[in-house]
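Summary of structural features
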Amino acid sequence: MLWSLLKKHLAPFRRDLLLVLILQLVGTIAALYLPSLNADIIDNGVVRGDTSYIVRVGLVMLGVSLIQVIATITAVYFGSRTAMGLGRDLRSVFFARVAEFSSREVAGFGAPSLITRNTNDVQQIQMVTAMGLTMMVTAPIMMVGGIIMALREDVGLSWLVVVAVPVLGLSIGFIATHLVPAFRSMQKRIDAVNRVLREQATGIRVLRAFVREPYETDRFDEANTELTNVALTAGRWMAAIFPLVMLVLNVSSVAVLWFGGMRVDSGAMEIGALTAFLTYLLQILMSVMMATFMFVMLPRAAVSADRIAEVLDTEPTVKPPAHGIANVVEHGHLRLDNVTFAYPGADEPVLSGVTAEARPGETLAIIGSTGAGKTTLVNLIPRLFDVTSGRVLVDGIDVRELDPEVLWSKIGLIPQNPYLFSGTVASNLRYGKPDASEAEMWEALEIAQARDFVEAMPDGLDSPVSQGGTNVSGGQRQRIQIARALIKRPEVYVFDDSFSALDLATDARLRRALKPIATESTVIIVAQRVSTIVNADRILVLEDGRTVGIGRHDELLATCPTYVEIVESQAQAEAV
Ligand SMILES: Nc1ncnc2c1ncn2[C@@H]1O[C@H](COP(=O)(O)OP(=O)(O)O)[C@@H](O)[C@H]1O
Ligand SMILES: [Mg+2]
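Model, not experiment: these values are computed from the prediction.

**Looking at the packing of helix 2 (residues 14-46) against helix 5 (residues 111-153)**
Where helix 2 meets helix 5, the axes come as close as 9 Å, and the angle between the chain directions of the two elements is 25 degrees. With respect to each other, helix 2 and helix 5 are oriented roughly parallel. Seen from above, helix 2 lies across helix 5 with right-handed handedness. Across the interface between the two elements, L17, V20, L21, Q24, L25, T28, L32, S36 and A39 from helix 2 touch L133, T134, V137, T138, I141, M142, G145, G146, M149 and E153 from helix 5. A class-by-class count of the residues in the contact of helix 2 with helix 5 yields eleven nonpolar, seven polar and one charged.

**Some remarks on the packing of aromatic side chains**
One pass over the full model with this rule turns up eleven aromatic pairs. Relative to W237, the ring of F174 lies with its centre 5.9 Å away and its plane at 80 degrees, an arrangement referred to as edge-to-face. One end of the pair, F174, is in helix 6 (residues 158-202); the other, W237, is in helix 8 (residues 213-265), with 63 residues separating them in the sequence. Measuring from centroid to centroid gives 6.0 Å for Y493 and F495, while their planes differ by 5 degrees, and the two rings are stacked. On the basis of relative accessible area, Y493 is assigned to the buried category, the value being 1%.

**What to know about the pairing of strand 1 (residues 334-341)**
Inspection of the sheet shows strand 1 paired to strand 2 (residues 351-358) by five bridges, in the antiparallel sense. Residue pairing across strands places L336 opposite A356, the latter belonging to strand 2. As paired elements, strand 1 and strand 4 (residues 389-394) share five bridges and run antiparallel to each other. The residue of strand 4 that forms the bridge with L334 is V394.

**Let's talk about the pattern of salt bridges**
Evaluated as defined, the whole model comprises 24 salt bridges. A salt bridge links R189 to E226; its shortest N-O distance comes to 3.9 Å. Of this pair, R189 sits in helix 6 while E226 sits in helix 8; the two residues are 37 residues apart in sequence, bridging distant segments of the chain. When the shortest N-O distance is used, the salt bridge between E491 and K410 registers 2.8 Å. Of this pair, E491 sits in the loop between helix 15 (474-486) and strand 9 (492-496) while K410 sits in helix 11 (residues 404-410), and the two are 81 residues apart along the sequence.

**Structural notes on the sheet that holds strand 3 (residues 363-368)**
As summarised here, the arrangement of the six strands in space is 6-9-10-3-11-12, forming an open sheet in which the pairing is mixed. Edge positions in the sheet fall to strand 6 (411-414) and strand 12 (546-551), since each has one partner strand and no second. Averaged over all pairs of adjacent strands, the angle between their axes in this sheet comes to 15 degrees, without regard to strand direction. In this sheet, strand 11 (residues 538-543) lies alongside strand 3 in parallel orientation, the contact comprising five bridges. Among the inter-strand pairings, I366 is bridged to a residue of strand 11, identified as L540.

**Some details on the site of ligand 1**
Around ligand 1 sit Y343, V350, S369, T370, G371, A372, G373, K374, T375 and T376, and those are all the residues in its vicinity. Here a nitrogen atom of ligand 1 and a side-chain polar atom of Y343 are 3.2 Å apart. Within the side chain of T375, an N or O atom sits 2.6 Å from an oxygen atom of ligand 1. In the complex, 56% of the free accessible area of ligand 1, which totals 560 Å², lies under the protein chains. Of the residues assigned to the shell around ligand 1, the class counts are three nonpolar, six polar and one charged.

**Description of the coordination of the magnesium ion (ligand 2)**
Taken together, the protein donors to the magnesium ion (ligand 2) comprise T375 (OG1) and Q416 (OE1), at separations of 1.9 to 2.2 Å. Here Q416 lies in the loop between strand 6 and strand 7 (423-424) and T375 lies in helix 10 (residues 374-379), a separation of 41 residues in the sequence. When its relative accessible area of 31% is taken as the criterion, Q416 is described as partly exposed.

**Points about a negative patch on the surface**
Taken together, the side chains of E543, D544, E565 and E568 define an acidic patch exposed on the protein surface. Relative to the helices and strands, E568 is located in helix 19 (residues 561-575).

**Here we look at the side chain of Q24**
Tracing the chain through its elements places Q24 in helix 2. In terms of polar contacts, Q24 uses its side chain to reach the backbone carbonyl oxygen of L133, at 3.3 Å. Apart from residues no more than four positions distant in its own chain, Q24 is found in contact with A75, L133, T134, V137 and T138.

**Some remarks on a nonpolar patch on the surface**
Together, L18, I22, V26 and I67 make up an exposed nonpolar region whose accessible area comes to about 350 Å². Of all the elements, helix 2 adds the most residues to the nonpolar patch, at three residues. By the element assignment, L18 lies in helix 2.

**Looking at the environment of A322**
For A322, the location among the structural elements is in the loop between helix 9 (271-312) and strand 1. Look at A322 and you get exposed, because its relative accessible area is 74%. Here the alpha-carbon distance between A322 and G272, two residues 50 residues apart in the chain, equals 73 Å.

**Here we look at the packing of helix 8 against helix 9**
For the pair helix 8 and helix 9, the least separation of the axes is 10 Å and the interaxial angle reads 155 degrees. Considering their axes alone, helix 8 and helix 9 lie roughly antiparallel with respect to each other. Considering how the two elements wind past one another, helix 8 and helix 9 form a crossing that is right-handed. Taken together, the residues of helix 9 that come into contact with helix 8 (itself represented by I241, V245, V248, L249, S252, S253, V256, L257, G260, G261 and V264) are I271, L274, F277, L278, L281, L282, L285, M286, M289 and F293. Here the contact of helix 8 with helix 9 is composed, by residue class, of 17 nonpolar, four polar and no charged.

**What to know about the sheet that holds strand 4**
Read across the open sheet, the four strands follow the order 2-1-4-5; overall the sheet is antiparallel. In this open sheet, the two edge strands, each paired with only one partner strand, are strand 2 and strand 5 (397-398).

**Focus: the nonpolar core**
L429, L461, F495 and I539 are the most contacted members of the largest nonpolar core, which has 47 residues in total. Listed in part, the 44 residues of the second largest apolar core include A150, L157, A164 and Y280.

**A closer look at the pairing of strand 12**
When strand 11 meets strand 12, the two strands line up antiparallel, connected through five bridges. Among the inter-strand pairings, I539 is bridged to a residue of strand 12, identified as G551. Counted along the chain from strand 11 to the antiparallel partner strand 12, the turn is two residues long, and its residue D544 has a positive phi close to 50 degrees.

**A few points about helix 19**
Helix length check: helix 19 (15 residues) gives 21 Å between terminal C-alpha atoms against 21 Å at 1.5 Å per residue, within 8%. Residues of helix 19 that are buried make contact with strand 3, helix 17 (530-533), strand 11, strand 12 and helix 18 (553-559).

Rules used in this analysis
Residues numbered from 1 in each chain as written. Chains lettered and ligands numbered in written order. Predicted model: local features only at pLDDT ≥ 70, side-chain atom pairs only at ≥ 80, totals over all residues. Heavy atoms only, no water. Axes fitted to C-alpha atoms, helices over the stretch in contact; angles between N-to-C directions. Helix = DSSP H or I, 4+ residues; strand = E, 2+ residues; numbered from the N terminus. Parallel < 35°, antiparallel > 145°, perpendicular 65-115°, else oblique. Left-handed = near helix turned anticlockwise from the far one by under 90°. Contact = heavy atoms within 4.5 Å. Nonpolar A, V, L, I, M, F, W, Y, C, P; charged D, E, K, R; others polar. Phe/Tyr/Trp six-rings, centres within 6.5 Å; stacked < 30°, edge-to-face > 60°. Buried < 20%, exposed > 50% of the residue type's maximum accessible area, 1.4 Å probe, protein only. Pairing = 2+ DSSP bridges. Salt bridge = Lys/Arg side-chain N within 4 Å of Asp/Glu carboxyl O. Near = heavy atom within 4 Å. Polar contact = N/O pair within 3.5 Å; in protein donor to acceptor, adjacent residues only side chain to side chain. Areas by Shrake-Rupley, 256 points an atom, 1.4 Å probe, with all protein chains shown as cover. Donors = N, O, S within 2.8 Å, 3.2 Å for Na, K, Ca; no water. Patch = residues over 30% accessible without salt bridge, like charges linked within 9 Å, V, L, I, M, F, W, Y side chains within 5 Å. Lys, Arg positive; Asp, Glu negative; His and termini not counted. Charge placed at Lys NZ, Arg CZ, Asp CG, Glu CD. Core = buried A, V, L, I, M, F, W, Y, C linked by side-chain atoms within 4.5 Å. Expected span 1.5 Å × (residues − 1).

Right under this line is the structure:
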């Protein structure tokens, strides 16, 4: 998965990659050449006292080092650029994919996990790419080149290489077998911490009200401790790598000097060759370390790649049609035709055989107890979900065949749980219409009964709104949200319980102000209060997802016992 992800998303960087490979190659060869030049200086220059030879070869050495430094620095520069670019591209395709998701897929992954995947997991890929670009070329060339060069200097000491390389490889490998599982579970633990933190941050008011803070604190502590433990385990093994490598390196150096010293004594080896051999052995061991390091990093990145690919490969269940119909003759005609819907995994449908219709200028009200399926029903109109069977028709066309842009431009949905985006009042209103003028905004706010409190805010339209709209009251949020839909001038208004958060007087004023605006539009109102909907052209009474009555207020009073019950219970409540 890691490989195919890299192959696909590194493709645009082919030129940079090639450049990095060439530069690394040059840098490594230069690095391999230096110790042998050094040996030449000692054996042919210093030992014989040939100053001009020292200067000549010294200048060559200087040149080679310069090439090595420049090649390596440039390689790291382009390598980092490629890795960061890869991260940027991954995050952007990830974001685009999540934007296509319906509520079903988002709920499936969970928002915190999606966030971790698009940040931390992408970072893992980025890191391993940056490291890979540095080491993948350098390590094998350094290893093979180092062995060849070492043998050229002295064959008699070659058994040291044969011993030191496996010792180092095996010891790092031993550590890796402990590190890899720890890294694997780390991503999951990060998810868990994010999940608890997010729930806590979102539900903070509820937590306070229910005095659940100690419980939540425990829950966070638990997740946090688990992450800490895994990170510590990984950290301990990581910490062991460096001293271990140093131990092997130093023991090998001592061995080279010891056995090499004896060979120099007996005249079998020159002193310069000994220093060169030492350097080559160190280079070989470094490359072994780099290679094993890659093997440690790769599994973790592979886990991250799986987690990213899982999201990228998830097809949204609500798919836009291949050739969406964009030409529609009608404007705002909504028809629900025998609509049945079951949530994924649920046995019982939430809606069964609901049929209703509303034409421009008409108001269709939907009333029913909590859990009757009202929200589910209206969410089917802009395709937040697709019906299980039956059809939702907008302007005579099945919403699944309509061009999504056209569909959404027709529908102004005011969801039950108001959500504002971080920004200002104005920036939120512009979600409805990007080029809305100030006058238009004030007009929409006026109709939505939001003008007064927005005017009272310190900066008016430019007053800040926090993420989710938590710095204004529920009723204010609801009204800004209504204004946001109004400014769009849709053909179908869908108010999902938008009036319940308002007091009776505001509710009545808002509906009165809406009337002239909505003469040409279709209005769907989900309500709990009968007073909100008495004047509707048609009232749909839902009970457990089934239609138990449809008609005008007075008709329902005569025919629908459930409706009569609702009316009576509300009349009683008012009398109390
Ligand atoms: N995302 C969901 N997944 C599964 N079941 C859901 C989901 N949303 C709502 N339900 C269920 O569907 C039923 C109807 O919910 P809803 O349409 O919100 O009712 P209403 O808006 O009338 O109060 C409820 O029983 C609820 O448990
Ligand atoms: Mg609802």
